[in-house]
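Now for the letters of each chain:
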Amino acid sequence: MDVLSRPLIDRTLPLLAEGYAWLPNRMRDTPGPVVRTRILGRPALALRGPEAVRFFYDERNVHRHRAVPEPVLATLFGHEAVHTLDGAAHRARKSLFLPLLEPGRIAGLVDHVNAAWDDAVPAWGRRGSVVLFDEAGTVLTTGVHRWAGMPAHTEAEAAATARDLIAMVDGFATAGPRHLRARRARARQEERLGRLVRDVRSGAVTADPDSVLGLVCLHRGADGRPLDEKTAAVELLNVLRPTAAVAWFAAFTAHALHRWPEHRAPLADGDLPFTAAFAHEVRRFYPFVPFLGGLAARDLYWRGEWVPAGGLVVLDVYGQNHDESLWGDPYAFRPGRFLQRPVQRDELIPQGGGEPSSGHRCPGEGITVGVLEALAGRLARMEYTVPEQNLAIPLNRVPTRPHSGVLLAGVRPAAGWPGGPPCRRTPSAC
């Protein structure tokens, strides 16, 4: 029997059981960075490495249309989202998001998140202890809503919206209660935002035309028509949800500062190059996206392995971010690696690879990095203790996070920051 016609055993159940480790484990059993297998009943080709990234994001090879499974659309991305489009339709929809990548826009979001953080921290201390993951989700939701020009939230409304945004991310890759919560959360938020879009278009609610809300309501697709209310709500969520999801990286940052406290001082002192390197190392080291998938646009060969047209092509994100050939000592947390040499675009891919302006790389990556840098500095300056707790990060849970969510006790704002004690250092250090 020819090697190309050999039946492939479906590996969906082992994937669900092993989570992030599944594909790297399979890669270790092969001579090259490629695995031929079967997932969800489809033949699949899994690949890794900068050259593989460029192959994966070439639309002549891989299409995203119809590639995202319905459970992921119904929770994480939304039906008819930008992630599901290709060609002219994708480029037209992505043009909605590209203005948000401008440095001034990102700085504005960071300012709103910082303000929400500084407003929240004094109350954390009065409560005795807080779960950072939960509190960061509310802070990020508050900040991104203000930045996006959304109607004002009460504190209770912000917390409820944050729970929904977090639930959408938390339940996309699983079955059972987490997935059902994610579906219900998306339905609630799409309904809420659909009503808001309708109110803006009718004039019942005023939106700044240059705000995220205004841009979404005014955007026209490749066919020249405005987005329907449901799709507009989906794309609003594709701004709000990823920003709230930085709560995962906030928890990972606190985890890293607890395990490697030597990194606290340069962050607290505002060392900008180190802060950027630290943020990149958090995104590289800690698990978030296990892999990305698309459909083969034609019969494809990669490193001698084959997948038929319509088969799955899978990019091993977690494995590449922990590839020894790229990172040397990949399981060591070492921010300095990003100060030693410039990292190429398709080497570090925690939010996908390729070109953001024309491809499928997450357009919000700059937002994630900017917000993470700001929160890392604020966490490093804060005073708190880390009580005994379960800080394990299980690789069989997708998306994973520290089991406890990172419990902080005795929180006090940083010296010289809003609500904090007087700064005891020189004014320039404050």
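Within each chain, residues carry numbers counting from 1 in the order of the written sequence. Only residues with pLDDT of at least 70 get local features here, since the model is predicted, and only at 80 or more are side-chain atom pairs given and counted; chain-wide, interface and lining totals rely on the full set of residues. The side-chain figures draw on all heavy atoms in the structure; neither hydrogens nor water molecules are used.

Quick word on unusual backbone geometry
Among all residues except glycine, the phi angle is most often negative; among peptide bonds, the trans geometry is most common. Put simply, the rule reads: Counting from the N terminus, the helices are the DSSP runs of H or I reaching at least four residues and the strands are the DSSP runs of E reaching at least two.
The omega angle of the peptide bond from V398 to P399 is -10 degrees, so this bond is cis rather than trans. One can find P399 in the loop between β9 (383-385) and β10 (407-412). Positive phi is not limited to glycine here, since L40 has a value of about 55 degrees. Its location among the elements puts L40 in the loop between β1 (34-39) and β2 (42-47). With a phi close to 70 degrees, V406 is a non-glycine residue in the positive phi region.

Things to note about the pattern of salt bridges
Inclusion rule: Note on definitions: salt bridges are taken to be side-chain nitrogens of Lys or Arg within 4 Å of carboxyl oxygens of Asp or Glu. Relative accessibility under 20% of the residue-type maximum defines a buried residue, over 50% an exposed one, and the middle range a partly exposed one, all with a 1.4 Å probe and only protein chains included.
Going through the model one piece at a time under the given rule, you end up with 27 salt bridges. Among the salt bridges present, the one from R188 reaches D164, with a minimum N-O distance of 2.6 Å. With R188 in helix α9 (residues 177-202) and D164 in helix α8 (residues 155-170), this pair connects stretches of sequence that are 24 residues apart. The salt bridge involving D170 is made with R178; its shortest N-O contact spans 3.5 Å. Here R178 falls in the buried class, since its relative accessible area comes to 16%.

Overview of the pairing of β1
Where we set the bar: A pair of strands is considered paired only if DSSP assigns at least 2 bridges between the two.
Counting buried positions along β1 yields five of six residues, so the element is predominantly enclosed. Both β1 and β2 contribute to a ladder of six bridges, which runs antiparallel. Each residue of the ladder has a partner; that of V35, found in β2, is A46. Joining the antiparallel neighbours β1 and β2 is a turn of two residues, in which L40 adopts a positive phi near 55 degrees.

Some details on the pairing of β2
Taken residue by residue, a regular strand's side chains alternate between the two faces of the sheet. Examined bridge by bridge, β2 and strand β8 (residues 312-315) share four bridges and lie parallel to one another. Bridging across to β8, A44 finds its partner in L312.

A few points about helix α14 (residues 272-285)
Rules: In this scheme, a helix's expected span is set at 1.5 Å multiplied by one less than its residue total. Any pair of residues with heavy atoms lying within 4.5 Å of one another is described as a contacting pair. The term polar contact refers here to a pair of N or O atoms within 3.5 Å; inside protein, the definition further demands a hydrogen-donor-capable atom paired with an acceptor-capable atom, and it admits residues adjacent in sequence only when both atoms are side-chain atoms.
In a regular helix each residue adds 1.5 Å, so 14 residues correspond to 20 Å; α14 covers 20 Å between its end C-alpha atoms and thus fits that length. In terms of residue burial, α14 counts as a mostly covered element, since 10 of its 14 residues are buried. Every buried residue belonging to α14 is among F274, T275, A277, F278, A279, E281, V282, R283, R284 and F285, and all of these are buried. Contact partners of the buried residues in α14: α12 (246-259), α13 (264-268), α15 (317-321), α16 (324-327), α17 (337-340) and α18 (365-381). Of the residues that open α14, the one with a side-chain oxygen 3.1 Å from the backbone nitrogen of F274 is D271.

Looking at the nonpolar core
What counts, and what does not: Among buried residues, the Ala, Val, Leu, Ile, Met, Phe, Trp, Tyr and Cys ones that are joined through side-chain atoms within 4.5 Å form a nonpolar core.
Grouped together as the largest cluster of nonpolar side chains are 93 residues, with contacts concentrated most on W117, W124, W147, F278, V371 and M382. Top element by residues in this core is α12. It accounts for 10 residues. Beyond its immediate sequence surroundings of up to four residues, W124 is in contact with W117, S129, V130, L132, E135, V139, M382 and V411.

Some details on the side chain of H219
Along the chain, H219 falls in the loop between α10 (212-218) and α11 (229-244). From its side chain, H219 meets the backbone oxygen of A92 in a polar contact 3.3 Å long. Other than its neighbours up to four places away in sequence, H219 contacts A92, R93, S95, L96, R225, P226 and L227.

Thoughts on the sheet that holds β10
Rules: Only the contacting stretch of a helix is used when fitting its axis, a line to C-alpha atoms as for every element, and angles between N-to-C directions run 0 to 180 degrees.
The three strands lie next to each other as β4-β10-β9, forming an open sheet whose pairing is antiparallel. Bordering the open sheet on either side are β4 (129-131) and β9, each of which pairs with just one other strand. In this sheet, adjacent strand axes meet at a mean angle of 45 degrees when their direction is disregarded. Here β9 pairs with β10 via two bridges, running antiparallel.

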